[in-house]
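# Overview (structure and organization)
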Amino acid sequence: MIRKASPSANDPLSLLRTRVKQAPLGPGIYRWLNKNGDVLYVGKAKSLRKRLAQYVVPAKGNIGPWRQSFLQQIVDFDVTVTNTELEALMLETHLIKQLKPKYNVLMKDDKNYVYIRISMQDPYPRIDIVRRIFNDGARYFGPKTTAEEARTILDLLRKIYPYRTCKMEIETADPPSPAGYGEAEEEEDGQAQRIPVVCYHKDRKTPCLDFHIDQCSAPCIGRVTPEEYFHQSIEGVINFLKGNEDTVKTLLKEKMQKAAADKKFEIAAQLRNHLRYLEHKKDDVELVSDTSGEDSDIVGIAQLANRSHVVVFHRRAGRMIGEHSYNLVGNAESLAEVITQFLAQFYDEEAEIPPVIIIGEELEELGVLQELLTARRGGKVKIVVPERGKKSNLLLLAEKNAQQKAKQQEAKWEADKRNTDSALEELKERLNLPSLPERIEGYDISHLGGTETVGSMVVMRKGKAANDHYRSFTIRTLKRGEIDDYWALREVLTRRLRYLTEDIAKEEENWKEQGIGFGKAHKDEVERVKELALQHCHESEEHFDPDGFLLARREQGIVATVQSFSHSENVMELRCTWADADLAQTMLPRFMVRKILRSLKKGKMYAVVPSALEMSYGGLGFRYVKTSPKPIDERRERLQPFSDDTLIVMMYEAVQNKADVSFTSVPDLLVIDGGKGQLSTVVDVLRKLKLQISVIGLAKREEEVFVPEVSEPVIFPKDSQAKFLLMRLRDEAHRSANRHREGRGLKAVKESVLDDVPGMGDETRRALLAYFKTVSAMKSATDQELMVFINEAQLIGLRDKIGRE
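Residues numbered from 1 in each chain as written. Predicted model: local features only at pLDDT ≥ 70, side-chain atom pairs only at ≥ 80, totals over all residues. Heavy atoms only, no water.

Another point: the overall build of the chain. Tallying secondary structure elements over the chain gives 27 helices and 27 strands in all. Counted over contacts in the chain with a minimum sequence separation of 6, partners at least 24 positions apart contribute 65%. Approximately 41900 Å² of the chain is accessible, and the part contributed by carbon and sulfur atoms is 49%. (Helix = DSSP H or I, 4+ residues; strand = E, 2+ residues; numbered from the N terminus. Contact = heavy atoms within 4.5 Å. Areas by Shrake-Rupley, 256 points an atom, 1.4 Å probe, with all protein chains shown as cover.)

Here it is as structure tokens:
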């Protein structure tokens, strides 16, 4: 018998293709490695995942000898995430110079980067754009992405701080020198020069046009002292370039308001554009290289599936020169304990210890640890926990990379079929499952103080993440501010699992076997239907309509009703849901509602229901709505006196309730993030839906695994592959829920009364909110201030929406 080779045996790149799918989408640098871990190639990418995939995609036709040789040697890759493409370019440049990889042929140097230089050694400092840094006493800021960006920033700053742009060398002279034009003399305006100066390369005795249009303070003729010039023109520029933009924004706003008040709308518009640039430009603090000259290490830690992953960035002379990553063995009680133990081991007597180490947690043993590292280094070592600024951004980047390293480690584990097969076999044995759990679903609930409550469903198929089967749920039956994770979990599982119970044709056959048939109302049944509607559904003569009724009959008698009623083309209502007393508590009414909803291919269906049935209708796909069409509101008001419970309006949207392949697939195991309480909730849902599906709870605090009706947790070995798989699934469910919640929160923040102002686009809305911050501020602003951003028609629309006089 000839054994067929596995795909990975024929195609050694197949495992890399699997792992590349888990690579980050953002910018960064990548390193291809051979079997010995040597770096073969360093590259940068706008999207790491897309760029890496281009290497391992099956080749179409012949490939060149260079690429063929390269692909035969690569067995692994590593990535470093950056915030911008420029950071990736700078890091790539340094690593190519440092590592000299075999397949890199182009060497880059610093001419790619642009800096802003302030000549602090001059009495009247100049500001220039340069591409190299020298140890000349000047201050350098950057790097910037392009020279155009640097010029834009300097043009903006000059509106506020009128610094000189000439190339002249200006020196103070005491006594005045006859060689220069700085002698004290009477000027046309009757004012004498304040100090004597000497100007070289000057071709005129009077100041240039910039002085006359208030764009320069004329140090060339001694109108300001060096101290005044620095305070008025240079100090503000330095503060801005260091990241303090608030002063410039405030001054621009004042100038814009004054121009608008003076009806100089063209000038006001120019200043408005400068403000928009500041509001919308990206944070250009480039982290992998700066001009600080500081030596430091940045330690980022991530914990996934109860394992710790560390990334250490090494910065020397303000530049990133390398990184190290580690997967730590063993467990610790806290992140602070992980950091303490790691630093003590990482910086041994032979390690290079920088004077500054940046970490993300406060340490109880900080003083002792600093003393230890100071002694080992032979010089002072300071351990810093930054709260803001560049150090904080560096730490966030290191932690982001630690998260990515952890995910790549998981992807490498997952790509090895032996690990996943072993994990599934162990799960089957220790959980007493009837078969291998080929489809495992994980669930988690996330909210922010009772707002934006959401649920997530993540899926593993044969031990590997099935991202296309992930689903998210916005909780429909909890009011804003309510916190009830059990209720939310019940809704999520009910909405997901109901698809496994829905076989309308088969269920209808089952009801027929019990003597119950279904159909529309016949002509001779209209009076009976009307009688039931008036008696049980509180319909009135004037509101009764026989159309749209679905009836259940037994021995030619009507035993249940439900109606799909059309108020208009766009407003449908589900109403008059009634069943005989002996059938009211069965699944018959629910089946009839589902049968009607199944016929709804598009649009929305409303229902007026008692609040006690909110969960039941939520399980059918309805959600609570705050506002509803006028006919539905009028019906709720008409029916309220007949109900002992508060009536609410719920809505079913067809497009959101279409069955898909993920929902119709039967899971072998459900994993719930939580302990015995969450587990009991899901067991109750399964019982009510009459489903036989294995379920476990994974409590995060002690990573204990609970099964139904057993008080003690299931014991797994310390290095259990099965437990690692379960924790990976739980962590992924947690991340998925948080992403969905954050997305909904961001959408809610963006919603504004401005959305409804006629003729107002997104850019104008963003500009208004960026400048005025709140709608209340717009309401109190003058028309002149508003018309810097909007036209007269938009002003009228805004006045109507926000209630301006």
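Structure's up, so let's keep going.
Under the definition given, this model contains one disulfide. For Cys-537, the disulfide goes to Cys-576, at an S-S distance of 2.3 Å. Measuring the twist about the S-S bond at about 80°, one finds the Cys-537-Cys-576 disulfide to be right-handed. In this pair, Cys-537 is assigned in the loop between α17 (526-536) and β19 (549-554) and Cys-576 in strand β21 (residues 572-579), connecting sequence segments 39 residues apart. (Disulfide = S-S within 2.5 Å.)

The next subject is unusual backbone geometry. One non-glycine residue with positive phi stands out, namely Lys-462, at about 55°. The class of Lys-462 is exposed, set by a relative accessible area of 53%. Here the phi dihedral of His-538 falls at roughly 60°; this positive angle occurs in a residue that is not glycine. Here His-538 is to be found in the loop between α17 and β19. We classify His-538 as partly exposed; its relative accessible area is 33%. (Buried < 20%, exposed > 50% of the residue type's maximum accessible area, 1.4 Å probe, protein only.)

The full count for this structure, using the stated rule, is 20 aromatic pairs. Ring geometry for Tyr-617 and Phe-622: centres 5.3 Å apart, planes at 70°, overall edge-to-face. In this structure, Tyr-617 and Phe-622 share a single accessibility class: buried. Relative to Tyr-652, the ring of Phe-622 lies with its centre 5.6 Å away and its plane at 50°, an arrangement referred to as tilted. Placement of the pair is Phe-622 in strand β23 (residues 622-624) and Tyr-652 in strand β24 (residues 647-653), with a sequence separation of 30 residues. By relative accessible area, Phe-622 is classed as buried at 0%. Through a chain of ring-to-ring contacts, three or more aromatic side chains come together here, namely Tyr-30, Trp-32, Tyr-41, Tyr-55, Phe-70, Phe-77 and Tyr-103. The cationic tip of Arg-19 hangs over the ring face of Phe-77; the distance from NZ or CZ to the ring centre is 4.5 Å. (Phe/Tyr/Trp six-rings, centres within 6.5 Å; stacked < 30°, edge-to-face > 60°. Lys NZ or Arg CZ within 6 Å of the ring centre and 35° of its normal.)

The next thing to look at is the pattern of salt bridges. Scanning the entire structure with this criterion turns up 27 salt bridges. Through salt bridges with shared partners, a single ionic network connects Arg-31, Asp-78, Glu-323 and Lys-405. (Salt bridge = Lys/Arg side-chain N within 4 Å of Asp/Glu carboxyl O.)

Tracing the sequence through the fold places Asn-401 in helix α13 (residues 389-415). The residues contacting Asn-401, other than those within four sequence positions of it, are Val-79, Thr-80, Val-81, Val-311 and Phe-313.

This brings us to the packing of helix α6 (residues 147-160) against helix α9 (residues 246-261). Contact geometry for α6 and α9: axes closest at 10 Å, N-to-C directions at 65°. At the point where α6 passes α9, the crossing takes the left-handed sense. Between α6, through Leu-156, Leu-157, Lys-159 and Ile-160, and α9, the contact on the second element is made entirely by Val-248, Leu-251, Leu-252 and Lys-255. Taken together, the residues of the contact of α6 with α9 sort by class into six nonpolar, no polar and two charged. (Axes fitted to C-alpha atoms, helices over the stretch in contact; angles between N-to-C directions. Left-handed = near helix turned anticlockwise from the far one by under 90°. Nonpolar A, V, L, I, M, F, W, Y, C, P; charged D, E, K, R; others polar.)

Running from N to C, helix α11 (residues 335-346) and helix α12 (residues 366-377) cross one another at 15°; their axes reach a closest spacing of 11 Å. Our classification of the angle between α11 and α12 gives roughly parallel. As α11 runs across α12, the sense of the crossing is left-handed. Facing α11, whose interface residues are Thr-340, Leu-343 and Ala-344, α12 presents Leu-369, Leu-372, Leu-373 and Arg-376. When the residues that make up the contact of α11 with α12 are grouped by side-chain class, the tally is five nonpolar, one polar and one charged. (Parallel < 35°, antiparallel > 145°, perpendicular 65-115°, else oblique.)

A word on the confidence of the model for the chain. Per-residue confidence for the chain gives a mean pLDDT of 81, with 87% of residues at or over 70. Long-range and interchain partners of residues 1-9, a stretch whose pLDDT sits below 50, account for four contacts in this model, where long-range means more than four residues apart. Long-range and interchain partners of residues 107-111, a stretch whose pLDDT sits below 50, account for 13 contacts in this model, where long-range means more than four residues apart. (pLDDT = per-residue confidence, 0-100.)

Quick look at the environment of Glu-555 now. As for its position among the elements, Glu-555 is in the loop between β19 and β20 (557-566). For Glu-555, a relative accessible area of 77% puts it in the exposed group. Through-space distance from the C-alpha of Glu-555 to that of Gly-515 is 7.4 Å; in sequence the pair is 40 residues apart.

Ranked by size, the top nonpolar core spans 53 residues in total, and within it Leu-157, Val-248, Leu-786 and Phe-789 carry the most contacts. Those elements giving two or more residues to this core turn out to be β4 (114-118), α6, β8 (197-200), α8 (226-241), α9, α10 (265-280), α24 (762-772) and α27 (792-802). For this core, the element with the highest residue contribution is α6, accounting for seven residues. Core analysis: the second largest hydrophobic core is formed by 30 residues, Met-572, Met-592, Ile-596 and Tyr-652 among them. (Core = buried A, V, L, I, M, F, W, Y, C linked by side-chain atoms within 4.5 Å.)

Let us now look at the sheet that holds strand β1 (residues 28-33). Pairing in this open sheet of three strands is antiparallel, and the strands run β2-β1-β3 from one edge to the other. Both outer strands of the open sheet, β2 (39-45) and β3 (76-81), are each paired with one neighbouring strand and no more. Strand-to-strand twist in this sheet, taken as the mean axis angle between neighbours without regard to direction, amounts to 20°. Relative to β2, β1 runs antiparallel, the two being bridged by six bridges. (Pairing = 2+ DSSP bridges.)

By the element assignment, Ser-308 lies in strand β10 (residues 307-316). Accessibility expressed as a relative area gives 6% for Ser-308, which makes it buried. Beyond its immediate stretch of four places on either side in the chain, Ser-308 contacts Ala-302, Gln-303, Tyr-326, Asn-327, Leu-328 and Val-338.

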